[in-house]
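Summary of structural features
Chain by chain, the residues:
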Amino acid sequence: MRTSSASVAGLALAAGAGTALAQTEWTAADAPTEETLFDVTRTSQGPFAVGAGGVATLRRSDGWNVVLERGPTVESNPLNAVDATDDGEHAWFAGGSGVVGQYDVEDAQLTDYSAPMEMTSSWEGIAVTGEAGEETVHLVNGSGEYLSGTKTDDGGMDWGEVVEPGGGSSAFGIDFLDSETGYVADTAGQVYETTDDGDSWETIGIDTADEGLLDVVAVATDDLTVAAEGGVIYQYDGEEWTENDVGEEPVQSVDRDGETGLAAGGEGFVYDYDGEEWEQLESPTENTLYGVALDATGDYPDAAVGEGGTVIERGEYTADDDAEAIETGEWTSIESPVEETLAGVVHSSRGPYAVGAGGVVLTRRADGWETVLERGPTVESNPLNDAAVTDDGEHVWFAGGSGVVGRYDVEEYVLTDFSAPMEMTSTWEGIAVTGEAGEETVHLVNGSGEYLSGTVTDDGGVEWGEVVEPGGGSSAFGIDFLDSETGYIADTNSQVYETTDGGESWETIGVDGGSVALYDVIARARDEIYAGGGDGTVFRYNGAVWTKLWAGSNELLGIDATEDEAAASGAEGTIYERTARGWQPAETDVEETLEDLSLDDSDEYPHVAVGADGTVVERGEYEADSVEDDEEPAPWAEVDSPIPETLHDATHAEDGYAVGNEGYVLERDAGEWTVAVDDGPTGEGNVLNGVAATDDGGTVWVAGGSGAIGEYDVESDELTDRSAPDGRTSTWEAIDVTGEAGDETIHLINGSGEYLSGTKTGDGEVDWDDVVEPGGGSSALGIDFLDSETGYVCDTTSQVYETTDGGDSWETIGIDNASAGLTDVVAEETDAILVSADDGTVFQYDGAVWTKRWAGGTELLAADAVEDAAATAGSEGTIYERTPRDWQQAETDVETDLRGVSLAEGDEDELARGIAVGTDGIILERGDPDEDEEDETDEDETDDGADDGTPGFGPIAAITGGGAGAYLYARSKLGGGSSESTETELSSVSSESADEAHAGDDGTASERSVDERNEK
């Protein structure tokens, strides 16, 4: 080891200098390697040694620790020499095949500067001058060539020209007093001096030397010490050389500090210098010692290193260990709700989210992991390959096979489907997101190396840009962006690309000479980038050079970094973590491949890694407050029905109304259902398919077969026949009403896709408009209007139509690429629309994008939504509800088809009240609104509904719905605001086969007396 007086001054503590020298006994230290160590130097964190196989070790308070296993290139080239900056913070080393590396002992960071000026010869000696960040590095090789370089502001090196100080003999010894003045010693017995930073050299001896010189150290221009073969130590006073014979074994290394010094060599010999003479000391080893380092602070032991990993010490380690010995954490497996491979994981504002095969999306709650989505954003079970999150953590984005792209709002529990952007259906392999929720930019990369970005617009859509190919078309799996302008892509061709203009143009920034596939990239800053490699290495970029870091031999697939931590995951349960002692393997209890990992920087959630077969492993605890949104859907209970005939629709007006076959209109009164009308508005028993109420609930309208339309006055219980307007006798499939009683507008749709509206006039009649066909004539089953002008119709060809002029004209607003028949539509706002479908899915519209939601796969026939809830109902007694934790199946005690559903606002903190109706006169209810009427009744009166245990319904705004398989959907989650009126009109309609729904082609039902029906 060569130590200049400048570096000694940079490290020495005046009060403690020389303390270690007072210790005369050398002891053997436990070595962490069996590789021969060739050199050792002093750093701000203690002695630092390097050797064969690229090993580097650092002395800490608890002993010697390996910080590098395979050198700066991970090629296991031998490291022959080491020196440190004046402040001791950077250890520099050099060796075989041109390797040159810098290790920051404060931050445990390696930087690779190998093959400077493309020189790959073996470096034999190194010297460093200046403080960390501004240092100059001086190198000499086996051919006697000298090269120096100075650190640049961006972390690179500005290398000079190669110079040959002597005649080309191998040079092993080099030391510099400062950046200008230095010395080289070679095997020809010559010492060379430069005073101009190596531009020119002068031979200053040694005329009497007849052996090779192995090391040189300079305290001043008139105080040099040289170690030589043959057991000789030479000293120079600026004019003359003095020869000191200390034995017969070669003196391999020498170090000095002012008037004191150390040397070491063959047979484990150690020599001490007291300012006047050299004395051989007793050594605990007979192995050759190749390097020696003298402590100048009193905080660390003197050290000598050598053959077979030998380390001997003199003195004690008394310093505070500034770089705390951080051990890797223990990662433990946790129960997963799925067996599908999980490919991506991120941390959101509500905790970790994971995505994977089959379109599954999971979230971590206080009580464990649970499924959020079963089939992805398109409900087609396409695999999801990666996930990313907005800057505020509120939106989780994911992407995968067949062009699927989805967004999940973790605060509002709303999924939005953005799949096939720019009609691209290739597999997305990576995704990154920048910006806060609502203003984010999404960045995608696919298996063909194509990049696409899009920014969320004010209406909730995404404005996509043009497709760009950053590289040569190699598959790209890794992508990360610092902001909307600056980002990085890593591909399987060992290339990393950078953009600083939002992806319009890309520049290759590495990895030079790389030959390994890169599967992930994470950028903390432009000068701190990590990429995971398929050969078990991590690449780190400091803004100027790439450094390859050994992280085992298993393929690395995921990588993440925070301000304080970094980690990578891969095959066979591998996790490597960057600690204060370098990249170290972490303990895991799984052997499955870990596809991705995410590190939490909030101290509220565990770190998470996910992988094959649904594997989830965590490090740390879930410390965040529990999310109080875990209520299950309330059960729906069957209540007594006065008829056995199929019911098609229901609404909340007063207590509740339902309609069905044979013209029945049922009314709920005091907790019991009774027959209000037994043969429809025409008196012919036509099937009634739809029911709706005015905004004030004063009038209930019904419609159905043979053009039947009826107006039922809730107050007087009088029914007025409005059937066959303008002579039209086709079957009305659905009805909606807007406005208050007396001024209402009635909206109708039939099986031929025809729309008709009419408005009540001052004389009590209805002024019917002309018939309009919103679509192409396909059967329309669902209709809903927000007001008299704005409304929606859905049909069996997967189309939804919108009018904003009272039905005079219609525009198709979706649903692109849908193939299911649509059975009902509910509109809360123009940007909050819900549609049920016959394939067991629900479509949601946010004003810009339609999103398909899985609802069990059972045919859905009706939908409704109000304030904080939404539901769909369908075959086999299915009801799906929207709870705070997303769509869940509600418990029902029936298996018959449910054809209509209606919701009404519940009491504060209560779920919405509901009615569902269906085959065989089945009626289900949820909630007990009769309690609301207590203030209006005598205290000693008991509600009928309470007596028989059946839920009741008080006065409520008219809301209609129909269908089977129910979903509860929070209105606020759909994006709608609160209504100015407490009375909301929501239309729902049911459809069924001719055999089951309609009694006959003419719309008439079989004749039975009311008594017969009730008795049955």
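Predicted, not measured: the structure shown is a model, and the values here were computed from it.

Our focus in this paragraph is the pairing of strand β76 (residues 832-837). For β76, the buried fraction is high: six of the six residues fall into the buried class. Residues Ala832, Leu834 and Ser836 point to one face of β76 and Ile833, Val835 and Ala837 to the other, with burial holding for every one of them. Taken together, the six bridges between strand β75 (residues 822-829) and β76 define a ladder with antiparallel strand orientation. Within β76, the residue paired with Val825 across the bridge is Val835. With antiparallel pairing between neighbouring strands as the criterion, β75 and β76 make up a hairpin whose turn holds two residues.

A surface patch of negative charge is lined by Glu638, Asp640, Glu654, Asp669, Glu672, Asp713, Glu715, Asp717, Glu718, Glu891 and Asp893. Structurally, the position occupied by Asp640 is in the loop between β58 (637-638) and β59 (647-652). Taking relative accessible area as the criterion, Asp640 reaches 68% and is therefore assigned exposed.

A separate point is the pattern of salt bridges. A complete count under the given rule lists 22 salt bridges for this structure. Note that Arg668 and Glu925 form a salt bridge whose closest N and O atoms lie 2.8 Å from each other. Of this pair, Arg668 sits in strand β61 (residues 665-669) while Glu925 is found in strand β85 (residues 923-926), placing the two residues 257 residues apart along the sequence. Overall, Arg668 belongs to the buried group, its relative accessible area being 2%. According to the relative accessible area criterion, Glu925 is buried, its value standing at 1%. Residues joined in a network through salt bridges with shared partners are Glu711, Arg722, Lys760 and Glu765.

Tallied over the entire structure, the rule returns 25 aromatic pairs. Seen in terms of ring centroids, Tyr353 and Tyr408 are 6.0 Å apart; in terms of plane orientation they differ by 45°. Their pairing is tilted. Linking Tyr353 in strand β31 (residues 351-356) with Tyr408 in strand β36 (residues 405-409), this pair joins segments that are 55 residues apart in sequence. The two residues Tyr353 and Tyr408 agree in class, both being buried. Both rings, one in Phe785 and one in Trp810, keep their centres 6.2 Å apart while their planes meet at 85°; by these two values the pair is edge-to-face. Taken as a pair, Phe785 in strand β71 (residues 780-785) and Trp810 in the loop between β73 (800-803) and β74 (811-814) lie far apart in primary sequence, 25 residues in all. Judged by its relative accessible area of 1%, Phe785 is buried. Above the face of the Trp550 ring, Arg70 is positioned so that its terminal group lies 3.6 Å from the ring centre.

A word on the pairing of strand β30 (residues 342-348). For β30, the buried fraction is high: seven of the seven residues fall into the buried class. One ladder, built from six bridges, connects β30 with β31; its direction is antiparallel. Of the residues in β31, the one forming a bridge with Val346 is Tyr353. Counted along the chain from β30 to the antiparallel partner β31, the turn is two residues long.

Turning to the side chain of Ser569, a few remarks are in order. Note that Ser569 resides in strand β51 (residues 566-570). A polar atom in the side chain of Ser569 sits 3.3 Å from the backbone oxygen of Leu594. Apart from residues no more than four positions distant in its own chain, Ser569 is found in contact with Glu555, Leu556, Leu557, Gly558, Thr574, Ile575, Leu594, Glu595, Asp596 and Leu597.

Okay, the nonpolar core next. Among the nonpolar cores identified, the biggest contains 27 residues, and Phe48, Phe93, Tyr103, Tyr530, Val538 and Trp583 are the most heavily contacted of them. Those elements giving two or more residues to this core turn out to be β3 (46-51), β4 (56-60), β5 (63-68), β6 (79-84), β7 (90-95), β50 (556-561) and β51. Setting aside residues up to four positions removed in sequence, Val538 forms contacts with Tyr530, Ala531, Thr547, Lys548, Leu549, Ala551, Leu556, Ile559, Ala568 and Trp583. Counting residues in hydrophobic clusters, the runner-up holds 17 residues, among them Leu177, Ile204, Val232 and Tyr234.

To continue, consider the environment of Ala904. Tracing the backbone through its elements, the reader meets Ala904 in strand β83 (residues 898-904). Under the relative-accessibility criterion, Ala904 is labelled buried at 0%.

Here we have four strands laid out as an open sheet, ordered β34-β35-β36-β37, and antiparallel in their pairing. Of all the strands in the sheet, the pair left with one neighbour each is β34 (384-389) and β37 (414-417). When strand polarity is set aside, the average angle formed by the axes of neighbouring strands in this sheet is 20°.

Before going further, it helps to examine the sheet that holds strand β41 (residues 462-464). The strand order β38-β39-β40-β41 describes an open sheet built from four strands, whose pairing is antiparallel. This sheet does not close on itself; its edge strands, each paired only once, are β38 (428-434) and β41. Taking each pair of neighbouring strands and ignoring which way they run, the sheet shows an average axis angle of 25°.

Below, the discussion takes up the confidence of the model for the protein. Taken residue by residue, the protein gives an average pLDDT of 87. The fraction at 70 or more is 87%. Scored below 50 in pLDDT, residues 2-23 shows 65 contacts in the model against residues more than four places distant or in partner chains. A low-confidence stretch, residues 931-1016 stays under pLDDT 50, and its non-local contacts, those more than four residues away or across chains, total 339 contacts.

Let's shift gears to the environment of Glu330. Along the chain, the position of Glu330 falls in strand β29 (residues 330-333). Between the C-alpha atoms of Glu330 and Gly620, which are 290 residues apart in sequence, the distance is 8.3 Å. Ignoring any residue separated from it by four or fewer positions in sequence, one finds Glu330 in contact with Glu587, Glu618 and Arg619.

Basis of the calculations
Residues numbered from 1 in each chain as written. Predicted model: local features only at pLDDT ≥ 70, side-chain atom pairs only at ≥ 80, totals over all residues. Heavy atoms only, no water. Buried < 20%, exposed > 50% of the residue type's maximum accessible area, 1.4 Å probe, protein only. Helix = DSSP H or I, 4+ residues; strand = E, 2+ residues; numbered from the N terminus. Pairing = 2+ DSSP bridges. Patch = residues over 30% accessible without salt bridge, like charges linked within 9 Å, V, L, I, M, F, W, Y side chains within 5 Å. Areas by Shrake-Rupley, 256 points an atom, 1.4 Å probe, with all protein chains shown as cover. Salt bridge = Lys/Arg side-chain N within 4 Å of Asp/Glu carboxyl O. Lys, Arg positive; Asp, Glu negative; His and termini not counted. Charge placed at Lys NZ, Arg CZ, Asp CG, Glu CD. Phe/Tyr/Trp six-rings, centres within 6.5 Å; stacked < 30°, edge-to-face > 60°. Lys NZ or Arg CZ within 6 Å of the ring centre and 35° of its normal. Polar contact = N/O pair within 3.5 Å; in protein donor to acceptor, adjacent residues only side chain to side chain. Contact = heavy atoms within 4.5 Å. Core = buried A, V, L, I, M, F, W, Y, C linked by side-chain atoms within 4.5 Å. Axes fitted to C-alpha atoms, helices over the stretch in contact; angles between N-to-C directions. pLDDT = per-residue confidence, 0-100.

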